[in-house]
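Secondary and tertiary structure notes
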Amino acid sequence: MEYIATAHPPSSVTHSLLSNFTSPSVPSLLILRTSSIEILNLLPSGPTPALANGPFQLWGRILGAQIVRPSSSDPTSLPLLVVLLDAPKPLCLFLRWNAEKQDLETVESVAVNGGVGATEAEFYQGVEVDQERGVVLLKVWRGLITVLVLKREEGEDSGKGKGKKSQRRDSMRGGEKEGGVVSERFDVQLKQLNILSLTFLPNTNLSNPNPTLLLLSLTPTRTPHLTSHTIDLASKDLLSPSSSSFEGDIPSAPLLSAHIRDPGANILVPLPNGGVMVLGETEVMVYEVEMLESYSGEVGSGAGKGKGKEKESEKKRRRSSGVGSSEGGGGSLKAKVMGAGPRGVSGKLPGFGEITAYSVLDTTDQYTRVLLGDSYGRLTLATLKRSGTASKVSSIEFLILGQIPSPTTLTYLSSSHLFVGSHFGDSLITSILPAPQPYTGSYLSPTPLLTLPNLAPILDFWKDGEEGDVVTCSGGQNTGSLRVVRRGVGLVEGVVVEGIEEVKRVWGLKGHGSTKHSFALLSTFESTLLISVGSSKFSDPSAMDTTSTDDISLLPPSTFPGFNHHVPTLVAGNAGSSHIAQVTKTGVVVVELESGNRVDEWNSPSEVALAAFEGETVLVSARGGVLSSLKVEGGKVSLQNSLTLPSEISSLTLSSSSSSTHSSLAAISLWSSHTLLILNPLTLTTISSPPPTTSLSRSLLFASLAAKGQRQLLIGLGDGSVVVQEIGTGGEWEEGAGKWERRTIGLGTTEVDLSFVGDDGESVFASCDRPSVLHEDHGRLGYSAVNLKNVTTAAHLDSSAFPSSLVLVTPTTLIFGKINEMKKVHVQSIPLGHDIPYRIAYQPSLRAYGVAFVKTVLDRREQQEDMTSSFKLLDEDTFEPLFTHDLLLSERASSLEALSINGRPFFALGTGTIDREKVEIQEGRVLLFGEAQGVAGGKIELVSEFAVAGGVYALAFLEGKGKLAASVNSRVLLLDVSTDHQLSKSAVWGSAYMPATLAPIGGDRLLVGDAMSSMSVVEAGEKSLRTVAKDARPLWMTTVAPISEGVMIGGDSNCNILTMKLNDKDRLENGGAFNVGELVNRFRKGSLVPNQPGGSARSNLILATSSGRLSTIVDLDSELSRLLFDLQRNMSRVIEGPGGVTFASWRDFKTDNGTSPSVGFIDGDLVEKFLDIKDEELMKKIMDGSNKYEKLSVSEAEMCVILEGLRRLH
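Given the structure is predicted, the values throughout are model-derived calculations rather than measurements. By convention here, each chain's residues receive numbers from 1 onward along its written sequence. With the structure being a predicted model, the display of local features is reserved for residues of pLDDT at least 70 and the display and counting of side-chain atom pairs for 80 or more, all residues being used for whole-chain, interface and lining totals. The basis for every side-chain value is the complete set of non-hydrogen atoms in the structure, without hydrogens or water.

**Thoughts on the sheet that holds strand β72 (residues 924–931)**
- By definition, two strands form a pair when at least two bridges between them are found by DSSP. To qualify as a helix, a DSSP run of H or I must reach at least 4 residues; to qualify as a strand, a run of E must reach at least 2; elements of each kind are numbered from the N terminus. Within the open sheet, the four strands sit side by side as β70-β71-β72-β73. Their pairing is antiparallel. The open sheet has two free edges, formed respectively by β70 (891–901) and β73 (940–948), since each of these has just one partner strand. This sheet shows a mean twist of 20° between the axes of neighbouring strands, independent of strand direction.
- Relative to β72, strand β71 (residues 904–913) runs antiparallel, the two sharing five bridges. The residue bridging F907 from the neighbouring strand is F929, located in β72. All axes here are fitted lines through C-alpha atoms, helices being fitted over the stretch that makes contact, and every angle between N-to-C directions spans 0 to 180 degrees.

Structure, rendered in structure tokens:
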């Protein structure tokens, strides 16, 4: 069974909203991603996260979102957030802010069923709100809209009448829900099926209780057409004269019907004055509607606003039809628009580019200003100039403001600040300047106020084994980039000091009467050194750039002659404000800070091996198992007690009594028996004796890194593990007491040395071959890897030059820096602009990445897109290009593979030549790049090329055969590589529709993923390709990969992943099935962290999605699979997503023909919620199950240990 868990959540931003959502006095920016919501309160100090538990997770993909302002007259009432989730079970959620929990909560959910035979809308899906009338419109299904009428204050006219019943009611809603916000729900059929955009017309005559819709749709001749319609809330249908239930001359909705000239028009922008702006690719049109006092004809049907999801092929078909139409009538409606007839004001956009997002900036009697962002990141200000007594729009002016990431959403905040949400680049908050900048002419601030990194869309990525970074091909349009993803603690390196070698330990020391560290004492293998840590000031990580080695100086021994400089130091520290205590193998010396002279000392009868110092207490362990307790006070050192133990001591530690709830304690571990003893540090009497460790203890430390008040003894073992032993606040421990939990964390393979590195001991550095930082994480002990190698020890440092910092020691350097963040995943961006990295591979012998690029440049003057493509070799450290090969005109790179032939590294590049007059690519090449003969330094050149009759969609190298497989249109070719590295065809396999993805299995077999079918296994001979097994289901595969021997995994176009097993009879058997909720673009072998040898869970695969998600897939053994399956089953019965979404409906395997249960996968994101459960009753339900057979076979503590081990893998 496979365990799938998120390492990096989706980062693509799809929607954004501005509202006083969390407080009547504080504006909030709501940022919606694929399936999560983030809220930033816009405070004077800057944007601040509002959600206490991080982004609010939804169990569904977000289709649309809007704010509903409260109908209450109470100024303190807060608005609601309406979110529409996707099919096959669309759901509308009403969410509100819970101030007590600092989180969102669901007020009501409404199922949006389409009925039997309903199909999803092709172009536009979303939610719209008529704020004045309290009406919400949902668009999910083709030819159908769902209308929700919200409850109003008592006495307020809700627009409801006693007309005929709704044509269609939701079977899941038995009428009005008690305590909900929806009073009525009904569906309306539309005549227009191809809706591009939809919006309510704002600020119309409020004496008319019925809302007015504006629709932008495609006619049968592929022409955009704008119409308006009225929804009769009484009859629950579109309004017509014969169905009116009102008496008298109640004004109707504005009546409008107009063809749109621009064939690329697909967005409607409601204007505050009651008009509408139609956004096209080359033109902007504005229609202002005056109210009529009588009906002029029968009204049709409607829907649409916002960016439609129209396919590019549809848009091209519309353009090529050449249908432009007049602005005049068309349809049975007569309207009064700008006087007589449906006439609008238009303006040509400055340059060609599809508008993808907008935000209304402001409006007055003289103008309305709207910000427009196009697909290539140009931000334009459109000013609608008004004139005349009626303040009608008379002209449109455009001002290009500058470049932004290609936007999916724009939200104007205030004070000239703009939020840009993007799918192709980083989302950000930028400032609009009053005047253009010199040289660039841009009106945008060069430094964003806030940047939200985004990996989406991940087109490809590379992961080299367990130790390397993940390098993703990310971005699109004008924001292509490579992203280096590292897992571990965020360290900001300030100063690196070289030349001080073989340092074993470091201690920070305060100066005379100072509260800050002024010195650092370094112990090497042979001596003791003192360094000054400077006095320059900085308070944030970025200021470390101004701190240099000039702030650090090595002090001569004469500065503190009282120290023992010629021997290593075992421990050192401040003894009060005027003295320092130093412990060496000979004993303890006390040095006066002001003079540097020795004022007292204590000589040990035998050689001191270990020591600990805390407050006024010194604990020393001498040869022969002698443990002594000494007190340093007032510059004097005195022996308090001694104790002889049965064996030598392997490690010891002291704790302070800084907390009123914690006593001063000592802990020791014995060498021979691994016995642990917790002692009174003054009397050396035994308080308790926890169980011995399985391996030798090399380091001990008392800490409080979990729940408040809970104390732990951390035990660093010689085998690379850390044992966390819970004890009482007074050091007590009882066998079988139950509450004294013990667990083991596997960090590395070499002995672990523990040291505090955070303020007030809130984090512990564990030095080993895989260093980590242990810290508190939501009330539990967490740990994160450190992305530095060869760190031997670390120490906390808090000086004026390095406040709240740490010193990291390697064999040759000292690194002064800060822990910036404890988050698991860190992203470094290598911006590439219009060069979009499409495929990536790696050659370790060249220490370089091969990257295939596709570059599309928009020629705004000629109004056309120019596409070029290239292959580049990039240095693995600097990402500087080492080699570049430009492809032919109209030739596009489509696949890339790294291979080795006779020990010589190569890159194979597959291409296709695009001919816009032809439906299918008919020409392509396979290019082979290798090291240049006789040229040192890793230089490469084009070695050979092979022409093929089609596009090369995928490449795979079969090491066992030394052959290259290439997917060319509907065939797979097997290519031989000759001794002079020329390519030739040796076999063809044609049993596929579109073999879009290939992966080698073993040495001579090939896994083929068909973009119109499923998976096949093909065996390569010397001159043949033979079908071994084939799955014929129409699953539309996007990527495939082997997991383990005989087990394959694939992703399909319905956002599923599935596994299949090749049995002994060479037949493919169905395995696991799981819905990820996002399109999976690539699987790669590897893990984010090193696996523990012999573990029951092994991370061996990483997946990447189009929304920027990185997830790890862990292979579980049978015993752990059964246990976690039981846990997932029990949790899924008591835990639901917002709106009552069940785990089954969220993760069920979805196809065009229906759904089937998820099997063979454990959802790590679900089961790891077990670690955060505080509700004892809920925990009991999970542990006990629904009957005695479902009771979990391990304790709660044991389950936590298992899940924390799995969490470490991602």
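Having seen it, we continue.
**Some points on empty space enclosed by the protein**
- Points on a 1 Å grid, built from protein atoms alone, make a cavity when a 1.4 Å probe fits but cannot get out and make a pocket when they are open with protein on both sides within 12 Å along at least 5 of 7 lines; residues with an atom within 4 Å of a point are the lining residues. Grid points are joined across faces, edges and corners, and a volume is the space filled by probe spheres set on the points. Evaluation of the coordinates by the stated rule reveals four cavities of 30 Å³ or more.
- The calculated volume of the largest cavity comes to roughly 80 Å³.
- Taken together, 11 residues make up the lining of the largest cavity; nearest its centre are L349, I355, D374, R378 and T380.
- Contributing elements (two or more residues each) for the lining of the largest cavity: β27 (367–374) and β28 (378–387).
- When residues in the lining of the largest cavity are grouped by element, the largest group, three residues, is from β27.
- Among the residues forming the lining of the largest cavity, the class breakdown is four nonpolar, four polar and three charged. Any residue that is not Ala, Val, Leu, Ile, Met, Phe, Trp, Tyr, Cys, Pro, Asp, Glu, Lys or Arg is counted as polar, Gly included; the first ten are nonpolar and the last four charged.

**Regarding the sheet that holds strand β58 (residues 753–756)**
- Strand order in the open sheet made by the four strands is β58-β59-β60-β61, with antiparallel pairing throughout. The open sheet has two edge strands, β58 and β61 (780–785), and neither has a second partner. Each neighbouring strand pair of the sheet contributes to a mean axis angle of 30°, computed without reference to strand direction.
- Where strand β59 (residues 763–767) and strand β60 (residues 772–777) come together, four bridges link them in antiparallel fashion. When the bridges of β60 are listed, S763 appears paired with H775.

**Structural notes on helix α6 (residues 1196–1208)**
- In a regular helix each residue adds 1.5 Å, so 13 residues correspond to 18 Å; α6 covers 18 Å between its end C-alpha atoms and thus fits that length.
- Accessible area is worked out with a 1.4 Å probe on protein chains only. A residue is then buried under 20% of its type maximum, exposed over 50%, and partly exposed in between. Of all the positions in α6, only M1199, C1200, L1203, E1204, L1206, R1207 and R1208 are classed as buried. One less than the residue count of a helix, multiplied by 1.5 Å, gives the span that helix is expected to have.

**Quick look at helix α5 (residues 1176–1184)**
- Listed in full, the buried residues belonging to α5 are M1179, I1182 and M1183. The buried residues of α5 occupy an angular sector of 95° when projected down its axis, which confines them to one face. What points out from α5, more than 90 degrees from its buried face, is the exposed set E1177 and K1180.
- The elements touched by buried residues of α5 are α2 (1118–1134) and α6.
- Of the residues flanking the end of α5, it is G1185, one or two places downstream, whose phi is positive at about 70°. Starting at the helix axis, one direction is taken to each C-beta atom, and the arc is that of these directions. Residues count as neighbours in contact if any of their non-hydrogen atoms are within 4.5 Å of one another.

**Side note on the packing of α2 against α5**
- Packing of α2 against α5 brings their axes to within 8 Å, and their N-to-C directions diverge by 135°. Taken together, the axes of α2 and α5 are oblique relative to one another. Between α2 and α5 the crossing geometry is right-handed. Residues L1127, N1130, M1131 and V1134 of α2 form the contact with α5, whose own contacting residues are L1178, K1181 and I1182.
- Its residues assigned to classes, the contact of α2 with α5 shows five nonpolar, one polar and one charged. Note on angle classes: values under 35 degrees are labelled roughly parallel, values over 145 roughly antiparallel, values of 65 to 115 roughly perpendicular, and the remainder oblique. Handedness of a helix crossing follows the sense of rotation of the near helix relative to the far helix, less than a right angle counterclockwise being left-handed and clockwise being right-handed.

Structural measurements only, silent on function.
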